[in-house]
Structure formats: C-alpha cells, structure tokens
Amino acid sequence: PTRRSSDLLAPEANIMLVVAKSDSIDDLMNAVDYASKGGAHVISMSWGRYEFQEMSTYESHFKQPNTVYIAATGDSGSGVQWPAVSPNVLAVGGTTLVLNHNGQLTKKEIAWYASGGGISSYQSEPEYQKKYGIDSNNYRTIPDVSFCADPSNGVVIYIQVQQVGLL
C-alpha cells in the first residue's frame, strides 16, 4: 500500500546512531553516555542480557535529566532482561499484529511469542508500579508497554543518512 507522511511513526525525528565498540557492558554504557552527552532526549537500547545481581551499579547511566531511556525486554521468550528491568528505563515488550492486505488490524493484538518479560529476581518494585496491584512480591515487573515486534508484520523503517561519524 501507498504510505503517507501521516502513516509514519516519527516523520520529523532526528536520529543519532551510536554503535558501541563491543558488546561488553563498559562499551555499551560508554555508548549510552555518549548519546546522553550528545543531546539525545530519547535513547533506545535494542540489546540486553539476563539480569544480574550487580546491575544496580549501572543506574547512574540512566539518569540524565530530560532523557528517556528505552530498552527491549528481549527476543528469546520469557525472562527478565537488563537494562529493561532498570527502574529508570522504559521496558518495551513485543506484540504480534494480524493485519489484512490494507494494513488494518483483523484480530486482537497479542504478545509476540519471543518477547521477554517477567518479574525481577533482584530489582525492587518501583513506586510507579505499586499502584497497579500486580502480584510481584514487591519486585519490578516488565514490560511497561508493548509495541509490534513480530518480524512477519513489523513496522516499516525508512532511514536517510546525512552524516556518518565514528566514535
């Protein structure tokens, strides 16, 4: 189908792509800090690892004022992923949409089979979750929100690169 600018998710977005030197936690945190200091107001992290006891030592990386940190909850089924489980990060799970040939939803949106999520083993339930009455034994639950993640019907992405730089 023909796409209109009103169909686009963020037609006026300016995107800074920051690639870490490696998948080590230190390099990933350096990339997050680089984006924060570079003026990004929304930092989307499409990486994760299973939560670990020392993860709270990295919280300072997700506390830049006027910045929203977003992380995927994973793509290997159930399980709690970090940094999504951080109370300073918006945890985004995945859904599946059943669409017709015109792109219209034909069935209820459901959880994507490979999306992660669950109850943390280490992270205390943040104040903003307590009012929802989720039975979590006072631990953080994820995801906070969900979005279409199923690769068989995902969102179209258009990228026009204007400038390329290396860290």
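Remember, predicted model here, so these are calculated numbers, not experimental data. (Residues numbered from 1 in each chain as written. Predicted model: local features only at pLDDT ≥ 70, side-chain atom pairs only at ≥ 80, totals over all residues. Heavy atoms only, no water.)

(A) Broad picture of the side chain of E59. Inspection of the secondary structure puts E59 in the loop between β2 (49-50) and β3 (68-72). Here E59 sits buried without a salt bridge, and the closest side chain of opposite charge, K63, lies 5.7 Å off (N-O distance). Side chain to side chain, E59 and N88 meet in a polar contact 2.6 Å long. Apart from the residues within four sequence positions on either side, E59 is in contact with S86, P87 and N88. (Helix = DSSP H or I, 4+ residues; strand = E, 2+ residues; numbered from the N terminus. Buried < 20%, exposed > 50% of the residue type's maximum accessible area, 1.4 Å probe, protein only. Lys, Arg positive; Asp, Glu negative; His and termini not counted. Salt bridge = Lys/Arg side-chain N within 4 Å of Asp/Glu carboxyl O. Polar contact = N/O pair within 3.5 Å; in protein donor to acceptor, adjacent residues only side chain to side chain. Contact = heavy atoms within 4.5 Å.)

(B) The arrangement of the environment of N137 in detail. Along the chain, the position of N137 falls in the loop between α2 (127-130) and β8 (139-142). Along the chain, N137 and S124 lie 13 residues apart, while their C-alpha atoms are 9.1 Å from each other.

(C) Main features of the nonpolar core. Among the nonpolar cores identified, the biggest contains 20 residues, and M29, M45, F62, Y69 and W82 are the most heavily contacted of them. Of all elements in the fold, only α1 (25-37), β1 (42-45), β3 and β5 (89-96) reach the threshold of two or more residues within this core. Element by element, the count of residues in this core is highest for α1, at four residues. What F62 contacts, discounting residues up to four positions off in sequence, is M29, V32, M45, Y69, W82, P83, S86, N88 and V89. (Core = buried A, V, L, I, M, F, W, Y, C linked by side-chain atoms within 4.5 Å.)

(D) Main features of the layout of surface pockets. Of the pockets and cavities examined, the second largest pocket occupies roughly 170 Å³. Looking at the second largest pocket, the residues that line it are P87, N88, V89, L90, Y128, Q129, Y132, I134 and D144. When contributions to the lining of the second largest pocket are tallied by element, the ones reaching two or more residues are β5 and α2. Taken together, the residues of the lining of the second largest pocket sort by class into six nonpolar, two polar and one charged. (1 Å grid on protein atoms, 1.4 Å probe; cavity = no way out; pocket = protein on both sides within 12 Å on 5 of 7 lines; lining within 4 Å. Points joined across faces, edges and corners; volume = space filled by probe spheres on them. Nonpolar A, V, L, I, M, F, W, Y, C, P; charged D, E, K, R; others polar.)

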